[in-house]
Protein chains: 2
Amino acid sequence: MTRKEAILQAATIMFSQSGYKDTSTAEIAKMTGVAEGTIFYHFKNKEKLFLAVLEQTRALIIDEFNSFMSHRQFSSGMEAIETAVSFYMYLSGKFENAFLLLHRYFPYKMAVSVPGCRQHLEAIYDCLVDIFEEAVTAGQKDGSIASMPPRKTALIIFTMVDGVVRFKTYNLYDASALYGDIIESCKKMLRPEQTAEAYF
Amino acid sequence: MTRKEAILQAATIMFSQSGYKDTSTAEIAKMTGVAEGTIFYHFKNKEKLFLAVLEQTRALIIDEFNSFMSHRQFSSGMEAIETAVSFYMYLSGKFENAFLLLHRYFPYKMAVSVPGCRQHLEAIYDCLVDIFEEAVTAGQKDGSIASMPPRKTALIIFTMVDGVVRFKTYNLYDASALYGDIIESCKKMLRPEQTAEAYF
DNA sequence: AAAAAAGCTGAGTGATTGCTCAGTACTATC
DNA sequence: GATAGTACTGAGCAATCACTCAGCTTTTTT
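No experiment lies behind these values; they were computed from the predicted model shown.

Enquirer: Explanation requested: the protein's contact with DNA strand D in the structure shown.
Expert: Inspection of the region around DNA strand D gives 14 residues, with A:K46, B:R3, B:T38, B:Y41 and B:H42 positioned closest. Put simply, 73% of the atoms of DNA strand D that lie within 4 Å of the protein are in sugar or phosphate. Contact distances for DNA strand D include 2.9 Å between a phosphate oxygen and a backbone N or O atom of A:T25. Between DNA strand D and B:H42, the relevant distance is 2.6 Å, taken from a phosphate oxygen to a side-chain nitrogen or oxygen of the residue. Among the secondary structure elements, those contributing two or more residues to the surface near DNA strand D are α3 (36-42) of chain A together with α3 (36-42) of chain B. Top element by residues in the surface near DNA strand D is α3(B). It accounts for four residues. Each residue belonging to the surface near DNA strand D can be placed in one class, and the counts come to four nonpolar, seven polar and three charged.

So, in structure tokens, the structure goes:
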């Protein structure tokens, strides 16, 4: 690992766990084992360093998700939803810092005045919601999912799963205890209406 | 309004919008129109000031919710859920700063080392989840809600609604656009299984 | 091996931070 | 109107901050 990569790694941990203002460049330098000046040699200032962290986070999450979902066949849209939900919860455990960063407020506040920041955040959420939306649309074609607005439905499922992950990250409730229930709730929410006909 | 109350009000806005570290006592003083020393006269330090803000937030949310729900009769548990969800979204708009504060990470980080902080946060979430849980239990008695673990179900509904509110607060998606869909999704999730019998 | 370029250092800087404290202004009690 | 207690002030302090820069070391190019 290059020094630049090492700085980026330490910065990711510090920014996600302590926030932007509460993370000093001196701490990052100490954690990495380099002089403080080295940080400013590779990244011209603290904001650019954070943007590099966010860019890496964006690439990480999108690549992980895309490569997982694309190398897979689903027997139904509903099954795709189940798999995506499970994988999201798995990823949030594997890359805790990345998800903690996305749950904090400061990146979204910075996004208001820093266009590059907004782009990274939007890219991440668009990718994730798109995956759920495609699964909903597929499920509606194959009959495994009821007729309802695909984008809105994808958003609601995403907020539900992400909400549980946030509760875990924030140390309020244990997400893993809700793991099975989340999947079950999704299925109930999405299942097609049972018509009388179905019984004959 | 006393000076102490004015300081508390300004501090609530500043802490919720800028976070803990990024809010200076000088700014709060300037916003309130008092000398910086006045803050330290009423609250002995910055942490105590924040705890006072959190205590006020706790009282605000719990009082609003309890007085709203207790002065009301519901024809079914399902209706109670609908009402609680609607009211939660209404409150999150009315007291944006309070909810933004609860969505930020720093209070939960502080809660690890400051017991009083943890107490306030737990009190707020316990109150809210309890309301949903009671509605689920009532709905299971009157037949409007399917048989499923009440606490876990309450948590899932809560994370869903709170997740949508967070998306709005973080300026990612507009919660109000999902308003009707959230209620509809809850209903689908909670509706009792339709058995063949029901058709005869 | 000389020259050039890239990588890296850490003391130093001006700005900002939370907080103190000696002193002033106001209010209540006698 | 003297006394006492509470409310309030703002200059000042030590600590910390992001960032600079002159100079050193290592690598690459010629």
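Enquirer: Explain the relation of the copies chain B and chain A to me, please; I cannot follow it from the model alone.
Expert: One chain copy maps onto the other through a rotation about an axis and a shift parallel to that axis. Between the two copies, chain B and chain A, the superposition gives an RMSD of 0.0 Å; the rotation angle is 180 degrees and the shift along the axis is 0.0 Å. Here the transformation between the copies is reduced to the relation of a two-fold axis. Interface overlap between copies: 100% of the residues of chain B at the interface are likewise at the interface in chain A, consistent with a symmetric, same-surface contact.

Enquirer: How should I be thinking about the side chain of A:R104 in this particular structure?
Expert: You can see A:R104 is positioned in the loop between α6 (96-103) and α7 (106-113). At 7.0 Å, A:D22 is the nearest oppositely charged side chain to A:R104, a buried residue that forms no salt bridge. Engagement of the side chain of A:R104 in a polar contact is seen with the backbone oxygen of A:Q17, the distance being 3.3 Å. Those residues in contact with A:R104 that lie beyond four places of it in its chain are A:F15, A:S16, A:Q17, A:S18, A:G19, A:Y170, B:Y105, B:F106 and B:Y170.

Enquirer: Looking at this structure, how should I read the side chain of B:T57?
Expert: With respect to the helices and strands, B:T57 occurs in helix α4 (residues 46-70). In contact with B:T57, other than residues within four places in its own chain, are B:A98 and B:L101.

Enquirer: Looking at this structure, I do not really get the pattern of salt bridges. What am I missing?
Expert: Where charged atoms of side chains with opposite charge meet at close range, the side chains can pair. Tallied over the entire structure, the rule returns 18 salt bridges over all chains. Salt-bridge contacts for B:R166 lead to A:D162; the nearest nitrogen and oxygen are separated by 2.9 Å. Placement of B:R166 in helix α9 (residues 150-169) and of A:D162 in helix α9 (residues 150-169) is noted, with the two residues assigned to different chains. Summarising the burial analysis for this pair, B:R166 and A:D162 share the class buried. In this structure, B:R151 engages B:E133 in a salt bridge whose closest nitrogen and oxygen atoms are separated by 2.5 Å. Placement of B:R151 in helix α9 and of B:E133 in helix α8 (residues 115-142) is noted, with a sequence separation of 18 residues between them. By relative accessible area, which is 27% here, B:R151 ends up partly exposed. One connected set of salt bridges, linked through shared partners, spans A:D126, A:D130, A:E133 and A:R151.

Enquirer: Any chance you could explain the interface of chain B and chain A here in plain terms?
Expert: Often, the extent of an interface is quoted as the loss of accessible area upon association of its parts. Every contact between the two is made by 49 residues of chain B and, on the other side, 49 residues of chain A. Summed over both sides, the interface between chain B and chain A buries roughly 4600 Å², with carbon and sulfur atoms accounting for 58% of that surface. For the pair chain B and chain A, the interface holds eight salt bridges. Two residues, A:E193 and B:R191, come together in a salt bridge whose shortest N-O distance is 3.3 Å. Our count for the contact surface shared by chain B and chain A stands at 21 residue pairs in polar contact (both at pLDDT 80 or more). Here the element with the most residues in the side of chain B that touches chain A is α9(B); it accounts for 13 residues. Counted by class, the side of chain B that touches chain A contains 25 nonpolar, ten polar and 14 charged residues.

What counts and what doesn't
Residues numbered from 1 in each chain as written. Chains lettered and ligands numbered in written order. Predicted model: local features only at pLDDT ≥ 70, side-chain atom pairs only at ≥ 80, totals over all residues. Heavy atoms only, no water. Near = heavy atom within 4 Å. Polar contact = N/O pair within 3.5 Å; in protein donor to acceptor, adjacent residues only side chain to side chain. Helix = DSSP H or I, 4+ residues; strand = E, 2+ residues; numbered from the N terminus. Nonpolar A, V, L, I, M, F, W, Y, C, P; charged D, E, K, R; others polar. Least-squares fit on C-alpha atoms with pLDDT ≥ 70 in both. Contact = heavy atoms within 4.5 Å. Buried < 20%, exposed > 50% of the residue type's maximum accessible area, 1.4 Å probe, protein only. Lys, Arg positive; Asp, Glu negative; His and termini not counted. Salt bridge = Lys/Arg side-chain N within 4 Å of Asp/Glu carboxyl O. Buried area = accessible area lost by both parts, 1.4 Å probe.

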